[in-house]
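As a plain string of letters, each chain reads:
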Amino acid sequence: MKKSLKEIRKEYIKGSISISTTPANPIELLEIWLQEAIEAQVEEPTAMTLSTVSIDNFPSSRVVLLKEITKEGLVFFTNYHSQKGREIAVNPNVSINFFWPELERQVRVQAMAEKLLSEESDEYFYSRPLASQAGAIVSNQSRVIEESLNLEAQVEALLKQESPLVRPENWGGYLLVPKYCEFWHGKPSRVHDRVAFNKSNYEWQKSRLSP
Ligand SMILES: Cc1cc2nc3c(=O)[nH]c(=O)nc-3n(C[C@H](O)[C@H](O)[C@H](O)COP(=O)(O)O)c2cc1C
C-alpha cells in the first residue's frame, strides 16, 4: 500500500556534538566528519549540494564532488561556462550542503568562490582517467544540445587521436572559502544539536543554535 509521506519518520539516535568539544576551526571539524563518513562507507561521501544565485536573484542547486580540503577551504571542479560558473562570475557567494544520512549529520556552509590557478586545475585535470578528460573536453556543460549529438562518439574519437588531450581553459576548479559553517547532528525527540561557526575579523566564533 502506498505510504503517506506524513507517516515517514525516523528517530535519530546515533550521537551528538557539543560546542565545548568541537575544534575551534570548522574546516578541521569538516575534515573529521568527512573522514568518518568515508569510514562509515556512506554512498558518495564527498557529494555536496552547491547553490549559486542568478543575476535576477534565483537560487539554483546541484550536486558536485568535493576534491580537496585545504586550510583555506573546499575545492571542486567544473566547467566555468556552465550555469554555476556563469552565476559565480557575477556573484561569488555560494552555499554548500553535505547530508550523510547514515551518520545523521548535515553540514551547511556559506562561502565565497575563487577560481583556482590554472596550474592547480591542470594538476587535477591531468590526474583524471583519459576518458574523464575527454568527457570534460566534449561537454559544453549546461548548453542545450541536439538529441542526435553523439557525445560518446566524440569521446571515442578523442581517445583514438595521437596528440595528448589538453585541458580546456573553461574547465577548472574553484576554492570555496567559508565564512559560515554549521554542523547538525540528529538527536532523539527532534532536539538535535547544532553548532555554528561565524568568521569575523579572521577569527571563528562558535555558537550553539536551537534545533
Ligand atoms: C553525484 C554527482 C556528482 C557530480 N559531480 C559534479 C562535479 O564535481 N562537477 C560538476 O561540474 N558537475 C557535477 N555533477 C553534475 C551537476 O550536478 C550538474 O548537473 C552540472 O554540473 C551542471 O550544473 P549547472 O548547469 O547548474 O552548472 C554531479 C552530479 C551528481 C549527481
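Just above sits the structure.
Residues numbered from 1 in each chain as written. Predicted model: local features only at pLDDT ≥ 70, side-chain atom pairs only at ≥ 80, totals over all residues.

Quick look at the overall build of the chain now. Looking only at helices and strands, the chain has 5 helices and 9 strands in total. Along the chain direction, N to C, the helices and strands of the chain fall in the order α-β-β-β-β-α-β-β-α-α-α-β-β-β. With 211 residues in all, the chain has 22% of them scored as buried. Counting contacts in the chain only where the partners sit at least 6 residues apart, residues at least 24 apart contribute 63% of the total. (Helix = DSSP H or I, 4+ residues; strand = E, 2+ residues; numbered from the N terminus. Buried ≥ 20, exposed ≤ 12 C-beta atoms within 10 Å, placed from the backbone. Contact = placed C-beta atoms within 7 Å.)

For the rest of this paragraph, the subject is the site of the ligand. Near the ligand there are 15 residues, and of these Arg62, Thr78, Ser82, Gln83 and Ser142 occur at the shortest range. For the shell around the ligand, the secondary-structure elements that each account for two or more residues are strand 2 (59–65), strand 4 (74–79) and helix 2 (83–90). No other element matches strand 2, which puts 5 residues into the shell around the ligand. Of the residues belonging to the shell around the ligand, the class tally is 6 nonpolar, 6 polar and 3 charged. (Near = placed C-beta within 6 Å. Nonpolar A, V, L, I, M, F, W, Y, C, P; charged D, E, K, R; others polar.)

The next point concerns the packing of helix 4 (residues 130–138) against helix 5 (residues 151–160). The interhelical angle for the contact between helix 4 and helix 5, taken along N-to-C directions, is 125 degrees, at an axis separation of 9 Å. Comparing the axis directions of helix 4 and helix 5 gives the class oblique. Helix 5 is crossed by helix 4, and the crossing has right-handed handedness. Between helix 4, through Leu130, Ala131, Ala134, Gly135, Ile137 and Val138, and helix 5, the contact on the second element is made entirely by Leu151, Gln154, Val155, Leu158 and Leu159. (Axes fitted to C-alpha atoms, helices over the stretch in contact; angles between N-to-C directions. Parallel < 35°, antiparallel > 145°, perpendicular 65-115°, else oblique. Left-handed = near helix turned anticlockwise from the far one by under 90°.)

Of the strand pairs in this sheet, strand 5 (residues 93–100) and strand 6 (residues 105–115) are connected by 8 bridges, and their pairing is antiparallel. Within strand 6, the position partnered with Ser95 by the bridge is Gln110. Between strand 5 and strand 6, which follow one another and run antiparallel, lie 4 residues, and Glu104 among them has a positive phi close to 60 degrees. Sheet analysis places strand 6 next to strand 7 (residues 171–185), joined by 11 bridges and oriented antiparallel. Residue Val107 lies in a different strand from strand 7, and its bridge partner there is Phe183. (Pairing = 2+ DSSP bridges.)

Keep in mind these numbers describe shape, not what the thing actually does.
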